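Inside the fold
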Amino acid sequence: MTTDSKPSMHIDPYERGWMIATIIMLVIFLVAVTIAGFAMGIKVPAPVAQVNPQTVAQEGPFATPGLRQLAPGKYEAYLLAQIWRFDPTEITVPAGSEVMFYVTSKDVQHSFIIDGTNVNMQIVPGQISRLGHRFDTPGEYRITCAEYCGSGHAAMYGKVIVTP
Ligand code: CUA
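Just so you know, these numbers come straight off a predicted model, no measurement behind them. (Residues numbered from 1 in each chain as written. Predicted model: local features only at pLDDT ≥ 70, side-chain atom pairs only at ≥ 80, totals over all residues. Heavy atoms only, no water.)

Before going further, it helps to examine the overall build of the protein. The helix and strand inventory of the protein stands at 1 helix and 11 strands. Written out in order from the N terminus, the α and β elements of the protein read α-β-β-β-β-β-β-β-β-β-β-β. In terms of overall dimensions, the protein is more spread out than a globule: its C-alpha atoms have a radius of gyration of 24 Å, far above the 15 Å expected for 164 residues. Projected onto the principal axes, the alpha-carbon positions of the protein cover approximately 90 × 35 × 30 Å. Relative to its 164 residues, the protein shows a buried fraction of 32%. At a minimum sequence separation of 6, the contacts of the protein that also span at least 24 residues come to 58%. Between the averaged position of the 11 positive side-chain charges in the protein and that of its 13 negative side-chain charges there is a distance of 5 Å. (Helix = DSSP H or I, 4+ residues; strand = E, 2+ residues; numbered from the N terminus. Rg over C-alpha atoms; globule rule 2.2 N^0.38 Å. Buried < 20%, exposed > 50% of the residue type's maximum accessible area, 1.4 Å probe, protein only. Contact = heavy atoms within 4.5 Å. Lys, Arg positive; Asp, Glu negative; His and termini not counted. Charge placed at Lys NZ, Arg CZ, Asp CG, Glu CD.)

Okay, structure coming up:
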């Protein structure tokens, strides 16, 4: 009597194919994330500092929110989110400008999305969210709050005006 002593695992060819495809995709994603994070400098929006939401409107950069020019074509924009508007409501920059947005809330949780860009941040009271964008194409870019923040949520918007 003979038995096959070698253990063998049968893998269906289709399953084997998908296992290989999955491993290849994981490697591609890992390489893409590594290149995006370390070579291209693409970062997820992260809270950069803590503030006191009770006093943020009275002291510090959010007491006088708005646009600050750092150099030709380089700006910082401080926006204070609150029910139910962004302060300031609109900012204007020339085309080709790089703008770093600093946004916080003095009351409830909001969000900050600029249409047609990758700018999309949660705005949490007590934290400053930061994300930059370069505006190459002139036009109006709508800013919306996409976090339900109360009865006036749907009316909470602003705009970035990019002049030629
Ligand atoms: Cu602020 Cu919705």
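After that view, the rundown keeps rolling.
With that settled, consider the sheet that holds strand 10 (residues 139-144). Read from one edge to the other, the open sheet built from 5 strands follows the order 5-11-10-7-8, with strand pairing classed as mixed. At either margin of the open sheet sits one strand with a lone partner, and together these are strand 5 (90-94) and strand 8 (120-123). Neighbour-to-neighbour, the strand axes of this sheet turn through a mean angle of 20 degrees, independent of strand direction. Sheet topology places strand 7 (residues 110-114) next to strand 8; 4 bridges connect them, and they run antiparallel. Note on strand 8: the bridge partner recorded for serine 111 is glutamine 122. (Pairing = 2+ DSSP bridges. Axes fitted to C-alpha atoms, helices over the stretch in contact; angles between N-to-C directions.)

A separate point is the pattern of salt bridges. Tallied over the full model, the rule gives 5 salt bridges. Between arginine 134 and glutamate 98 there is a salt bridge, with the nearest N and O atoms lying 3.9 Å from each other. One end of the pair, arginine 134, is in strand 9 (residues 127-135); the other, glutamate 98, is in strand 6 (residues 97-105), and 36 residues separate them in sequence. Given a relative accessible area of 44%, arginine 134 falls into the partly exposed group. In this structure, aspartate 115 engages arginine 142 in a salt bridge whose closest nitrogen and oxygen atoms are separated by 3.3 Å. Note that aspartate 115 is positioned in the loop between strand 7 and strand 8 and arginine 142 in strand 10, a separation of 27 residues in sequence. (Salt bridge = Lys/Arg side-chain N within 4 Å of Asp/Glu carboxyl O.)

This part covers a nonpolar patch on the surface. Residues Ile20, Ile24, Met25, Leu26, Ile28 and Phe29 make up a contiguous nonpolar surface patch of roughly 600 Å² in combined accessible area. Among the secondary structure elements, methionine 25 is positioned in helix 1 (residues 13-39). Take methionine 25: its relative accessible area is 40%, and that puts it in the partly exposed class. (Patch = residues over 30% accessible without salt bridge, like charges linked within 9 Å, V, L, I, M, F, W, Y side chains within 5 Å. Areas by Shrake-Rupley, 256 points an atom, 1.4 Å probe, with all protein chains shown as cover.)

Counted under the stated rule, the structure contains 6 aromatic pairs. For the ring pair tyrosine 78 and tyrosine 102, a centre distance of 4.9 Å and an interplane angle of 10 degrees mean the geometry is stacked. Remark: tyrosine 102 occurs in strand 6 and tyrosine 78 occurs in strand 3 (residues 74-82); sequence separation between them is 24 residues. When sorted by exposure, tyrosine 78 lands in the same class as tyrosine 102, which is buried. Seen from their ring centres, phenylalanine 86 and phenylalanine 112 are 5.6 Å apart, and the 85 degrees between their planes marks the pair as edge-to-face. Separated by 26 residues along the polypeptide, phenylalanine 86 in strand 4 (residues 85-87) and phenylalanine 112 in strand 7 bring together distant segments of the chain. (Phe/Tyr/Trp six-rings, centres within 6.5 Å; stacked < 30°, edge-to-face > 60°.)

This paragraph deals with the confidence of the model for the protein. Here the protein averages 92 in pLDDT, and 95% of its residues register 70 or above. Of all secondary-structure elements in the protein, the lowest mean pLDDT belongs to strand 1 (residues 46-50), at 80, while strand 10 reaches the highest, 97. (pLDDT = per-residue confidence, 0-100.)

On to the nonpolar core, then. A general trend in soluble globular proteins is that nonpolar side chains are found buried together. Ranked by size, the top nonpolar core spans 24 residues in total, and within it Phe86, Val99, Phe101, Phe112, Ile114, Phe135 and Val160 carry the most contacts. Breaking this core down by element, the ones donating at least two residues are strand 3, strand 5, strand 6, strand 7, strand 8, strand 9, strand 10 and strand 11 (157-163). Considering every element that reaches this core, the biggest residue donor is strand 3, with 4 residues. If we ignore the near neighbours within four places in the chain, the residues touching phenylalanine 135 are Val93, Pro94, Ala95, Gly96, Ser97, Val99, Phe101, Ile114, Thr117, Tyr141, Val160 and Val162. Judged by nonpolar contacts, the second largest core, of 6 residues, contains Val56, Phe62, Tyr78 and Leu80. (Core = buried A, V, L, I, M, F, W, Y, C linked by side-chain atoms within 4.5 Å.)

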